[in-house]
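This is what each chain is made of:
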Amino acid sequence: LTREIARQLGSRSTSGVVVVDVVRGSSADDGGLEVGDIILAVDNSMVASTADLDRAFRRSGGEAELRVVRDGLRGTLTIRP
């Protein structure tokens, strides 16, 4: 996450993974994840890359709590399989 992209998405930090696509009807869609969200953590595991994100989801074993930034505001989403 570059500083410029982070700024455009309303974040002051370059940490996290930017959501670039959400499949309609997917668990992510049902959980409220949106294109442009920045995922900071999955179940309290910080993520800095898509590899980190993949590992964190695998460890979650199903339902996962995501800490996200959307339009500069931090929030939490629950993603269920």
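About the thresholds
- Residues numbered from 1 in each chain as written.
- Predicted model: local features only at pLDDT ≥ 70, side-chain atom pairs only at ≥ 80, totals over all residues.
- Heavy atoms only, no water.
- pLDDT = per-residue confidence, 0-100.
- Helix = DSSP H or I, 4+ residues; strand = E, 2+ residues; numbered from the N terminus.
- Pairing = 2+ DSSP bridges.

S.K.: What is the right way to read the confidence of the model for the chain from this model?
M.R.: Low pLDDT marks regions whose predicted coordinates should not be analysed in detail. Summarising the model, the chain shows a mean pLDDT of 90, and 100% of its residues fall at 70 or more. Element-level pLDDT for the chain is lowest in helix α1 (residues 3–8), with a mean of 85, against a maximum mean of 94 in strand β4 (residues 64–70).

S.K.: Would you mind going over the pairing of strand β5 (residues 73–79) with me for this structure?
M.R.: In the case of a regular strand, side chains alternate between the two sheet surfaces. Looking at chain direction, β4 and β5 are connected through 7 bridges and run antiparallel. Looking at β5, one finds that Val 69 is bridged to Arg 74. Counted along the chain from β4 to the antiparallel partner β5, the turn is 2 residues long, and its residue Asp 71 has a positive phi close to 55°.

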